[in-house]
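Structural description and commentary
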Protein chains: 2
Amino acid sequence: MQEIKRTKVVDALRRTDFGAEVNVRGWVRTHRSSKAVDFIALNDGSTIKNIQIVVDPAKFDGDMLRQITTGSCISATGELVESQGAGQTVEIQCHELKIYGTCGSDYPMQKKGQSFEYMRQHAHLRLRTNTFGAVMRIRHNMAIAIHKYFHDHGFFYFHSPLITASDCEGAGQMFQVTTKNLYDLKKDADGKIIYDDDFFGKQASLTVSGQLEGELGATALGAIYTFGPTFRAENSNTPRHLAEFWMIEPEVSFIDLNGLMDLEEDFIKYCVQWALDNCQDDLEFLNKMIDKTLIERLKSVVDESFVRLPYTEGIKILEEAVANGHKFEFPVSWGTDLASEHERYLVEEYFRKPVIMTDYPKEIKAFYMKINDDGKTVQGTDVLFPQIGEIIGGSVREEDYDKLMAEISERNIPMKDMWWYLDTRKYGSCPHGGFGLGFERLILFVTGMQNIRDVIPFPRTPKTAEF
Amino acid sequence: MQEIKRTKVVDALRRTDFGAEVNVRGWVRTHRSSKAVDFIALNDGSTIKNIQIVVDPAKFDGDMLRQITTGSCISATGELVESQGAGQTVEIQCHELKIYGTCGSDYPMQKKGQSFEYMRQHAHLRLRTNTFGAVMRIRHNMAIAIHKYFHDHGFFYFHSPLITASDCEGAGQMFQVTTKNLYDLKKDADGKIIYDDDFFGKQASLTVSGQLEGELGATALGAIYTFGPTFRAENSNTPRHLAEFWMIEPEVSFIDLNGLMDLEEDFIKYCVQWALDNCQDDLEFLNKMIDKTLIERLKSVVDESFVRLPYTEGIKILEEAVANGHKFEFPVSWGTDLASEHERYLVEEYFRKPVIMTDYPKEIKAFYMKINDDGKTVQGTDVLFPQIGEIIGGSVREEDYDKLMAEISERNIPMKDMWWYLDTRKYGSCPHGGFGLGFERLILFVTGMQNIRDVIPFPRTPKTAEF
């Protein structure tokens, strides 16, 4: 017999050609039996929704039906009919069932409502649950939105290297990458480990940012973006940190501070709007189960104009708040880096909308940011979001060779391996700027999830590299 | 004065509103001067084409004009006019010039026709050349095609981890990832290094493949693809190997061998067609400068039906060729792995079209491939391309727990860290398959470039981790 072509559940649920023969395949979410009729809720990962398989137990082998338990994998063929039940439009009157894989009662995803901590220990199977299916489909959609946005705007996807021999940016602690035999480490006369025989002939690490290489791309191709894994070896056991995460870093030539802020706002609104347009079912589920204000918050970000706030004005607002009796844990004054509580006060209480903060004191920002004419502030731009805090960090870059070198020397940054970066300022230097977006921070915002370990398939954190 | 909005060169060249005032910004490719008129060829990376800036030297400061040398970065404003010259449709009658960055005569990309080896030593600036601009724009387009193909076909982009504590697949030598102080390595009583205090609490490496984690994704979400960096610590100094490369690994539930071959063929044709449709200018340049048969070869791949050839039949063809006097360097008989010369004979001489080879002897393939009923062959599928050889390697996976375990034990594969992989066969096991495509192999094929180090911005190879 010719096997009938499989229809994905997401497509089957949209069909209206009642009476047609359809085949669906997937994993059993529930199987309810009675004398007269069996109902199997089947999910295949293509949508958060299940399709209901209606089975007349008289027509099937009872032992076979009893093997169709939660988690088992089956193929069901039957007639597509309009559903009588609430909350679903179609169901399948089944006349053929096949079991691909049974599933014992020791199935770790058997019970509903397990804790997120339990789920993390079974991250290989949590993907089969409603919550993690929804999160992963949204994660996919955000990646697609990002690629589409930049492609449509003439940016080129640029693969900056992961393994690097330079550690200049100092954005964080690094993982060492080596092929050396750690049982036989040769050392020189001063007792220093010799790296001549390591794979790259020198000490190498995993990158903490692709920005510097991205600047090479932007000052050649005009506008690029990176989207790849990034690593921080910080021993931070928080719901906001991963040792391995994905980062997006666009870099654009011939952009100024206003252009950069326009890009940041337009980009992030596009991503959030994409989720609203393309992930409705998953968002509705998360809005119901995880965070009842999620969809409202996403809509408000798309609808609001972001506030553009120079740091100096931000400090004034915060100092006034303190004067008026608002209590912060950390002190705030011109020159200090804002704490999360300060950012959230501005975003969630004072303005009640996203804020792009600009023109920070140069001492609290990186060496490559363009120095303003005041000599004190730099053209950094952080986008601050409700709940998340800083979601984007960007800046116009200093394109003047002498100013950049002065900053490097003032900060005692070791530039011996950075000749190639300085060459961009030496040969046809060009005004440019860009920003970095932590992908998982975006996913946290768009899903309403609270722990960054729950928005990436297999989180890497201190003491954890399972799966 | 209000600055006029910049137009990208790619857009300016398409405009036909002659007489309009336009502003372009970019890097000077050439500057030819004469008494009556200066011609500046300007490129901004948005296209391989330059736009011609026509300057009346009488209207500008001579010292300023002399600073506009090859490699310098400028802004030019003027009237868009129909071009008189051959090979261009528009040019700009310039009335305003601004220099962003000058460029000395020591500019490493000063001369045309430098060797690829020289370019690699200046990989940070080679991006500004015609060849590498073309390659990088095509690379971008191939990435976009891949995301679009899978998104349109209901696959979810799945981020498998880069850092891994399992090294089961044995696809290649691995890089160790550590935060240990190599000057103070603690050892246990047996002299073994203690990893309790390493970042992940155990020995960790960079992944050689995301497939096993991809299978977890596919058996939950239905169909996924990975697209991320992959690492091999092999000391291979060849034009075909990188220590860090990007790989695409789709994995699909409920697919059989024919379905998998259909997917492979449809996917790769889509990518090549995308290049033909979207990268015309760059392909024409490469066809002229790098490989005169490039476009013809790309078209033939799209037009031809791929041959589907069981390994056993392939061996017969090769043995007949030997019998008829064809000389191969390596012997060929049933059970041996094909050498590149054998694959190329089949593809380039015998069939003269791409070949999908299937049903290999199980001994020469990985443990997870589905065993055929003959007990001898497995459902592997390699797509063999002209010039490139194997461009895709895939298989239907063994979904039967007992058969898979028998294979694992026969091969003495250490599975202690692989309980999570086996769980996919234990709980609701599902027929599935997938393939891997080395992204740089695809870029080599689509660009006609000969060395894999020239199709990635900053190649990582033995002794090389520059930039």
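It should be emphasised that the depicted structure is a prediction, and the values quoted were computed from it without experimental measurement.

Structural notes on the interface of chain B and chain A
Of the residues lining the interface, 114 residues belong to chain B; the matching set on chain A comes to 114 residues. Interface area, chain B with chain A, both sides summed: about 9000 Å², of which 66% is carbon and sulfur. At the surface where chain B touches chain A, the tally comes to two salt bridges. The salt bridge involving B:Glu466 is made with A:Lys202; its shortest N-O contact spans 2.9 Å. Counting residues per element, the side of chain B that touches chain A draws most heavily on helix H5 (residues 130-152) of chain B, which supplies 10 residues. Both strand E8 (residues 176-178) of chain A and strand E8 (residues 176-178) of chain B contribute to a ladder of three bridges, which runs antiparallel. Counted as the bridge partner of A:Thr178 is B:Gln176 from E8(B).

Considering the pairing of strand E15 (residues 389-396) of chain A
All names here are of chain A. For E15, a buried count of six out of eight residues is recorded, marking the element as mostly surrounded by other parts of the structure. Across six bridges, the pairing between strand E14 (residues 377-385) and E15 is antiparallel. Note that in E15 the partner of Val 383 across the bridge is Ile 392. Here E14 folds back onto E15 in antiparallel fashion, the turn holding three residues, of which Gln 387 has a positive phi close to 70°. Here E15 runs beside strand E16 (residues 432-438); their pairing, made up of five bridges, is antiparallel. Paired with Gly 394 across the bridge in E16 is Phe 435.

Here's the deal with the sheet that holds strand E1 (residues 21-33) of chain B
Residues and elements named next belong to chain B. Read around the closed barrel, the five strands follow the order E1-E2-E3-E5-E4; overall the barrel is mixed. With direction set aside, neighbouring strand axes in the sheet form an average angle of 55°. The sheet contact formed by E1 and strand E4 (residues 73-82) spans seven bridges and is antiparallel. Its bridge partner being in E4, Val 22 is matched across the sheet by Gly 78.

A closer look at the relation of the copies chain B and chain A
Note on the copies: chain B fits chain A at an RMSD of 0.0 Å, the axial shift is 0.0 Å, and the rotation between them is 180°. With respect to symmetry, the two chain copies, as superposed, fit the operation of a two-fold axis. Within chain B, the C-alpha atom positioned nearest to the axis of rotation is that of B:Val177, 2.4 Å from it. Looking at chain B, 100% of its interface residues are interface residues in chain A too, so the copies touch through the same face.

Observations regarding the state of the cysteines
This structure, assessed with the given rule, holds zero disulfides over all chains. For A:Cys279, which is in no disulfide, the shortest distance to another cysteine sulfur is to A:Cys271 and amounts to 11 Å.

Topic: the sheet that holds strand E12 (residues 307-310) of chain B
All names here are of chain B. With mixed pairing, eight strands are arranged side by side in an open sheet as E6-E10-E11-E16-E15-E14-E13-E12. The sheet terminates laterally at strand E6 (156-157) and E12, the two strands that pair on one side only. Those strands touched by helix H7 (residues 257-278) are strand E11 (244-253), E12, strand E13 (355-361), strand E14 (377-385), strand E15 (389-396) and strand E16 (432-438), and its axis lies near 145° from that of E15.

With respect to the confidence of the model for chain A
A low pLDDT score tells you not to read the predicted coordinates there in detail. Model confidence for chain A is summarised by a mean pLDDT of 95, while 98% of its residues fall at 70 or above. For this predicted complex, the interface score ipTM comes out at 0.97, alongside a pTM of 0.97.

As for the environment of A:Pro386
Residue and element names in this part refer to chain A. With respect to the element layout, Pro 386 can be found in the loop between E14 and E15. For Pro 386, a relative accessible area of 14% gives the class buried. Sequence-wise, Pro 386 and Glu 319 are 67 residues apart; in three dimensions their C-alpha atoms are separated by 20 Å. Every residue in contact with Pro 386, bar those within four places of it in the chain, is listed here: Arg 297, Val 347, Glu 348, Pro 354 and Phe 445.

Concerning the environment of B:His95
All names here are of chain B. Assignment of secondary structure puts His 95 in strand E5 (residues 90-101). His 95 sits in the partly exposed class, given a relative accessible area of 45%. Ignoring sequence-local partners within four residues, the contact set of His 95 consists of Glu 21, Phe 60, Thr 77, Gly 78 and Glu 79. At 2.7 Å, the side chain of His 95 forms a polar contact with the side chain of Glu 21.

Topic: helix H14 (residues 439-447) of chain A
Residues and elements named next belong to chain A. For H14, a buried count of eight out of nine residues is recorded, marking the element as mostly surrounded by other parts of the structure. Regarding H14, the residues found buried are Phe 439, Glu 440, Leu 442, Ile 443, Leu 444, Phe 445, Val 446 and Thr 447. One or two steps after H14, the chain reaches Gly 448, where phi turns positive at roughly 80°.

Digging into the packing of aromatic side chains
Applying the stated rule across the entire model yields 66 aromatic pairs over all chains. Taken together, a centroid distance of 6.0 Å and an interplanar angle of 80° make the contact between A:Phe458 and B:Phe158 edge-to-face. On the criterion of chain membership, the pair formed by A:Phe458 in the segment after H14 and B:Phe158 in the loop between E6 and strand E7 (163-164) is interchain, its members lying in two chains. For A:Phe458, a relative accessible area of 2% puts it in the buried group. Taking the relative accessible area as the measure of exposure, B:Phe158 reaches 2% and is therefore buried. Put simply, the rings of A:Tyr149, A:Phe150, A:Phe155, A:Tyr157, A:Tyr225, A:Phe267, A:Tyr270, A:Trp274, A:Phe435, B:Phe227, B:Trp246 and B:Phe439 touch in pairs and so form one group of aromatic residues. In this structure, A:Lys180 packs its charged tip against the face of A:Tyr195, placed 5.7 Å from the ring centre.

Section: the side chain of B:Arg453
Residue and element names in this part refer to chain B. Here Arg 453 is to be found in the segment after helix H14 (439-447). Despite its burial, Arg 453 remains without a salt bridge, the nearest opposite charge being carried by Glu 117 at 5.9 Å. A polar contact is formed between the side chain of Arg 453 and the side chain of Asn 237, at a distance of 3.0 Å.

Some remarks on the pattern of salt bridges
All names here are of chain A. Within the structure shown, the criterion is met by 55 salt bridges over all chains. Here Glu 265 and Arg 308 are joined by a salt bridge, their closest N and O atoms 3.3 Å apart. Of this pair, Glu 265 sits in helix H7 (residues 257-278) while Arg 308 sits in strand E12 (residues 307-310), and the two are 43 residues apart along the sequence. Judged by its relative accessible area of 9%, Glu 265 falls in the buried class. A relative accessible area of 33% means that Arg 308 is categorised as partly exposed. With a shortest N-O distance of 2.7 Å, Arg 297 and Asp 291 are connected by a salt bridge. Arg 297 gets classed as buried once you look at its relative accessible area, which sits at 11%.

Reading the values: rules and limits
Residues numbered from 1 in each chain as written. Chains lettered and ligands numbered in written order. Predicted model: local features only at pLDDT ≥ 70, side-chain atom pairs only at ≥ 80, totals over all residues. Heavy atoms only, no water. Contact = heavy atoms within 4.5 Å. Buried area = accessible area lost by both parts, 1.4 Å probe. Salt bridge = Lys/Arg side-chain N within 4 Å of Asp/Glu carboxyl O. Helix = DSSP H or I, 4+ residues; strand = E, 2+ residues; numbered from the N terminus. Pairing = 2+ DSSP bridges. Buried < 20%, exposed > 50% of the residue type's maximum accessible area, 1.4 Å probe, protein only. Axes fitted to C-alpha atoms, helices over the stretch in contact; angles between N-to-C directions. Least-squares fit on C-alpha atoms with pLDDT ≥ 70 in both. Disulfide = S-S within 2.5 Å. pLDDT = per-residue confidence, 0-100. Polar contact = N/O pair within 3.5 Å; in protein donor to acceptor, adjacent residues only side chain to side chain. Phe/Tyr/Trp six-rings, centres within 6.5 Å; stacked < 30°, edge-to-face > 60°. Lys NZ or Arg CZ within 6 Å of the ring centre and 35° of its normal. Lys, Arg positive; Asp, Glu negative; His and termini not counted.

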